[in-house]
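Examination of the molecular architecture
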Amino acid sequence: MFAVHLMAFYFSKLKEDQIKKVDRFLYHMRLSDDTLLDIMRRFRAEMEKGLAKDTNPTAAVKMLPTFVRAIPDGSENGEFLSLDLGGSKFRVLKVQVAEEGKRHVQMESQFYPMPNEIIRGNGTELFEYVADCLADFMKTKDLKHKKLPLGLTFSFPCRQTKLEEGVLLSWTKKFKARGVQDTDVVSRLTKAMRRHKDMDVDILALVNDTVGTMMTCAYDDPYCEVGVIIGTGTNACYMEDMSNIDLVEGDEGRMCINTEWGAFGDDGALEDIRTEFDRELDLGSLNPGKQMFEKMISGLYLGELVRLILLKMAKAGLLFGGEKSSALHTKGKIETRHVAAMEKYKEGLANTREILVDLGLEPSEADCIAVQHVCTIVSFRSANLCAAALAAILTRLRENKKVERLRTTVGVDGTLYKIHPQYPKRLHKVVRKLVPSCDVRFLLSESGSTKGAAMVTAVASRVQAQRKQIDKVLALFRLTREQLVDVQAKMRAELEYGLKKKSHGLATVRMLPTYVCGLPDGTEKGKFLALDLGGTNFRVLLVKIRSGRRSVRMYNKIFAIPLEIMQGTGEELFDHIVQCIADFLDYMGLKGASLPLGFTFSFPCRQTSIDKGTLIGWTKGFKATDCEGEDVVDMLREAIKRRNEFDLDIVAVVNDTVGTMMTCGYEDPNCEIGLIAGTGSNMCYMEDMRNIEMVEGDEGKMCINTEWGGFGDNGCIDDIRTRYDTEVDEGSLNPGKQRYEKMTSGMYLGEIVRQILIDLTKQGLLFRGQISERLRTRGIFETKFLSQIESDRLALLQVRTILQQLGLDSTCEDSIVVKEVCGAVSRRAAQLCGAGLAAIVEKRREDQGLEHLRITVGVDGTLYKLHPHFSRILQETVKELAPRCDVTFMLSEDGSGKGAALITAVAKRLQQAQKEN
């Protein structure tokens, strides 16, 4: 028993001594945690350099865009062909991807030899040979009659500008076919395939084996967005935000970047951690000074590093009693498979002895322990370096997503990772230590390079088919110039129709006279009260106008209108309004003052003079009884009388659109049009009295409130209405009414978007075909979301956050589609608005017999003010449809308050002038 213990003690002491000896000798190969964090930082900097346009040409890590923009979502199905060209044999596969609710892939493949005369011969012959083999495969598998998409795995460095193209930068791995470098390999292969008239194959994708690995794993795990190869060579790819890729146009979505990380350090960035053995290995390689990182990591070089170390240790008398064999002097005699065998847990030492004996050496027990430890240090350094670069990629992904913790999967392939007994465990452990804020799953890829190419092709073909369906829907909202000209002409006809006495009663564009007959001229002065009633809040304002200097000062107070008053009796409503006026006068110290008053009443009224307005019908939730068909000014006067506290001179009842025009007209005498593009949509303008048949007199002008929201209620624009507009109209409070407003105003745009999203989801084109309960809810998609989603400054991540608030779990691709839908709907709204406005400015130009008209439009409304593109598109449309009108757009400031006071002031001035006459 004692002897056994003694023996065990002797062995562990021997092992300890050998390990210490090797550790001292290879001190520089041991990397501390701080060093690894520093390497991680350096790789981050290299990635940024490779992604930026200015620094990319000099970057060691090239960060090549692959034009793979989406990962599998599980809905891919169909038959695909795949070719894998990159080694001494090449492989053709037929891949059957089945959906059937579960992800399932079936593969049939065949290997074809790659003769030396083809590899080193003429480029055309190489591609013709590949096409012949493909034709043979298709004939064998009875596929000649089918039209099939093909993915090509081409494991040589290529520059891509689209998925189905790749310009060969240089041959590697013994390939030397002439005349191929700097040409597009996809078009070369397509040309060769054309010789086979009975073969109908479309090359949809050219991919690199690393990308193939990521895509294969992503099919099984949707969280997979990184691919790593640790085999004969090493490389990594990952999904990067488009907004960070300077080399490719566009900011939407993501794209897979092939880092080509093997070249990290080619610019000297890793000099401080390279050892004498790395330098010696590099000098003896086929490409000195190149692929520095790869030479410290990949399977092609680990065995050679071990050989160089053993040789030096033997020369120093630290191994094999100073003896060296000729095999130990021979390059390539120790391979990575030997390193893996020597590091096996139980049989490692026995394997080490066997391998060393095969090299013509006579190792002692101590030598075997030392050699095994050399292998451990070399392979451990490889795993550490790989982990540091991978940790940099994971950190970048986490920061791109702006999350505290990242959940992600890394797809891995490569012989070193697969056959080395300790490598995966070491790599995983170090990655998790370097990025504790990332929950990483490592997934081993199966036949990544070939199945991956088929997956990329399957995704490309799914995206292509989905794109067609989505474009079909969006096309309904794209208005041609002819259609816009037609809308302009129809609006012009409806305006004329509404002005005529005979047709006015039937007109959909109401063309209501406002009895506002003049614009401010700068001589207005005095104190005025303004009331603003148009929603659940009611405002009372005191407006002081000073003449000459065009200066306006305003004081206001907001009062709530309780629901029971909105829906009570008319008398209660107007008593409440007078109570609010009394409180305001008290508050301002004006009790007993008799002031002229302007009343902004934003409900449809028929006016017979500036201070008479008969309510046509309530909107916006008001239902007060005994008001419709009554004169609202009379009702206000009666209520003031009932209170018997003060007297007010009610001069004008006005609409907010007219107020907008007046506010801007005060600043700019050229302003003769008012436009509201907000929750609702309306427009007013100064019309020549001679054209207004419903009002006596031909002299001067009067402002007409068009109430253009009703344009199209007679069916005249049905040709451009979509099924989504019909859905929105039928579900509204006033079906069949205000059709133009329902296509152009903020109250409805979000609802149109919601209807489109439901339809696309039903077709399986969005949100994985799942309609959330919230998406089924009418009115959930507010127009403010359109403005936010379409903002150029908003990254897709923020779009996803907005959609999550709506209970929609969207992918990156979903977010792009939602953004496009919002853009199509709001663009159409702005164009239709522009076409309507163009009809009016052209009418004004022709009425005045001018070659060229200069006019200003006063504008108000949240859609115009807050939407990132609405105002620009509206202005562009007017310019295109009314080229002989020079239209200036001016933002109004408080049209309903200040505007009402200005209308009152102008009316008082005109009354005064009349008296004097």
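Residues numbered from 1 in each chain as written. Predicted model: local features only at pLDDT ≥ 70, side-chain atom pairs only at ≥ 80, totals over all residues. Heavy atoms only, no water.

As recorded in an unreviewed UniProt entry, the protein goes by hexokinase and comes from Piliocolobus tephrosceles. The protein has a UniProt comment under Sequence similarities (unreviewed entry) that states "Belongs to the hexokinase family." (UniProt positions renumbered as here; feature names shortened; annotations may be inferred.)

Put simply, helix α16 (residues 481–499) and helix α27 (residues 812–847) touch, their axes get as near as 8 Å, and they point 55° apart. Between α16 and α27, the crossing angle belongs to the class labelled oblique. As α16 runs across α27, the sense of the crossing is right-handed. Contacts between α16 and α27 involve L484, V487, Q488, M491, R492, L495, E496 and L499 on the former and, on the latter, Q831, L832, A835, G836, A838, A839, I840, E842, K843 and E846. Here the contact of α16 with α27 is composed, by residue class, of ten nonpolar, three polar and five charged. (Axes fitted to C-alpha atoms, helices over the stretch in contact; angles between N-to-C directions. Helix = DSSP H or I, 4+ residues; strand = E, 2+ residues; numbered from the N terminus. Parallel < 35°, antiparallel > 145°, perpendicular 65-115°, else oblique. Left-handed = near helix turned anticlockwise from the far one by under 90°. Contact = heavy atoms within 4.5 Å. Nonpolar A, V, L, I, M, F, W, Y, C, P; charged D, E, K, R; others polar.)

By size, the foremost hydrophobic cluster in this structure holds 115 residues, and its most contacted members are I230, W261 and L394. Take this core: its biggest share by element is 19 residues, from helix α12 (residues 365–401). Here I230 is in contact with I297, C386, V412, D413, G414, T415, L416, Y417, Y423 and L427, once residues within four sequence places are set aside. (Core = buried A, V, L, I, M, F, W, Y, C linked by side-chain atoms within 4.5 Å. Buried < 20%, exposed > 50% of the residue type's maximum accessible area, 1.4 Å probe, protein only.)

Our next topic: the sheet that holds strand β5 (residues 147–154). In sheet architecture, strand pairing relies on hydrogen bonds along the backbone and comes in two forms, parallel and antiparallel. The strand order across the open sheet formed by five strands is β4-β3-β2-β5-β8, and the pairing between neighbours is mixed. The open sheet terminates on both sides in strands that have one partner only, identified here as β4 (104–113) and β8 (200–207). On average, adjacent strands in this sheet sit at an angle of 25° to one another, irrespective of strand direction. By the bridge criterion, seven bridges tie β5 to β8 in an arrangement that is parallel. Counterpart to L150 in the pairing with β8 is I203. (Pairing = 2+ DSSP bridges.)

Another point: the side chain of R426. Along the polypeptide, R426 turns up in helix α14 (residues 423–434). Judged by its relative accessible area of 12%, R426 is buried. For R426, the side chain forms a polar contact with the side chain of E343, separated by 2.8 Å. (Polar contact = N/O pair within 3.5 Å; in protein donor to acceptor, adjacent residues only side chain to side chain.)

By the definition in use, this model includes 74 salt bridges. Among the salt bridges present, the one from E48 reaches R396, with a minimum N-O distance of 3.5 Å. Note that E48 is positioned in helix α2 (residues 33–51) and R396 in helix α12, a separation of 348 residues in sequence. Close ionic contact of E128 with R195 constitutes a salt bridge, the shortest N to O distance being 3.9 Å. Separated by 67 residues along the polypeptide, E128 in helix α4 (residues 123–140) and R195 in the loop between α5 (185–193) and β8 bring together distant segments of the chain. (Salt bridge = Lys/Arg side-chain N within 4 Å of Asp/Glu carboxyl O.)

Overall, the coordinates contain 20 aromatic pairs when judged by the stated rule. Sitting over the face of the ring of Y223, R407 holds its NZ or CZ atom 3.8 Å from the ring centroid. The ring of Y587 has K557 lying over it, and the distance from NZ or CZ to the ring centre is 4.6 Å. (Phe/Tyr/Trp six-rings, centres within 6.5 Å; stacked < 30°, edge-to-face > 60°. Lys NZ or Arg CZ within 6 Å of the ring centre and 35° of its normal.)

Before going further, it helps to spend a moment on the packing of α12 against α14. The description of two helices packed together rests on the angle between their axes and the distance between the axes. Across the interface, α12 lies against α14 with an axial gap of 8 Å and an inter-helix angle of 40°. Classed by the angle they form, the pair α12 and α14 counts as oblique. The crossing of α12 and α14 is right-handed. In this structure, α12 uses T376, S379, F380, S382, A383, N384, C386, A387, A388, L390, A391 and L394 to contact α14, whose residues at the interface are Y423, R426, L427, V430, V431 and L434. For the contact of α12 with α14, the residue count by class is 13 nonpolar, four polar and one charged.

Within the open sheet, the six strands sit side by side as β1-β11-β10-β9-β12-β13. Their pairing is mixed. Looking at which strands have only one partner, the edges of the open sheet turn out to be β1 (64–65) and β13 (438–444). In terms of strand pairing, β1 meets strand β11 (residues 254–258) through two bridges, oriented antiparallel. Counted as the bridge partner of P65 is I257 from β11. Of the strands in this sheet, β9 (224–230), β10 (234–241), β11, β12 (406–413) and β13 touch helix α6 (residues 209–220), which is tilted by about 135° from β9.

Below, the discussion takes up unusual backbone geometry. Although it is not a glycine, M511 sits at a positive phi angle of roughly 50°. Positionally, M511 belongs in the loop between α17 (501–504) and β14 (512–513). One non-glycine residue, Q738, adopts positive backbone phi at about 55°.

Before going further, it helps to examine the pairing of strand β20 (residues 612–615). A one-sided burial pattern is seen for β20, the buried positions being G613 and L615 and the unburied ones K612 and T614. Here strand β19 (residues 605–609) pairs with β20 via four bridges, running antiparallel. The residue of β20 that forms the bridge with R606 is T614. Remark: two residues form the turn of the hairpin made by β19 and β20, two consecutive strands paired antiparallel.

The buried count for strand β24 (residues 701–705) comes to four of five residues, which makes it a mostly enclosed element. With two bridges joining them, β14 and β24 adopt antiparallel strand pairing. By the bridge assignment for β24, L512 is matched with N705. The sheet contact formed by strand β23 (residues 681–688) and β24 spans five bridges and is antiparallel. Across the sheet, M686 pairs through a bridge with C703, a residue of β24.

Together, E564, E571, E572, D626 and E630 give the surface a local cluster of negative charge. Here E571 lies in helix α19 (residues 570–588). (Patch = residues over 30% accessible without salt bridge, like charges linked within 9 Å, V, L, I, M, F, W, Y side chains within 5 Å. Areas by Shrake-Rupley, 256 points an atom, 1.4 Å probe, with all protein chains shown as cover. Lys, Arg positive; Asp, Glu negative; His and termini not counted. Charge placed at Lys NZ, Arg CZ, Asp CG, Glu CD.)

The next thing to look at is the state of the cysteines. As enumerated under the stated definition, the model contains zero disulfides in all. C224 provides the cysteine sulfur closest to C217, a residue in no disulfide bond, and the two sulfurs are 5.0 Å apart. Its relative accessible area of 1% is what places C217 among the buried residues. As a non-bridged cysteine, C833 has C684 as the owner of its nearest cysteine sulfur, 13 Å distant. (Disulfide = S-S within 2.5 Å.)

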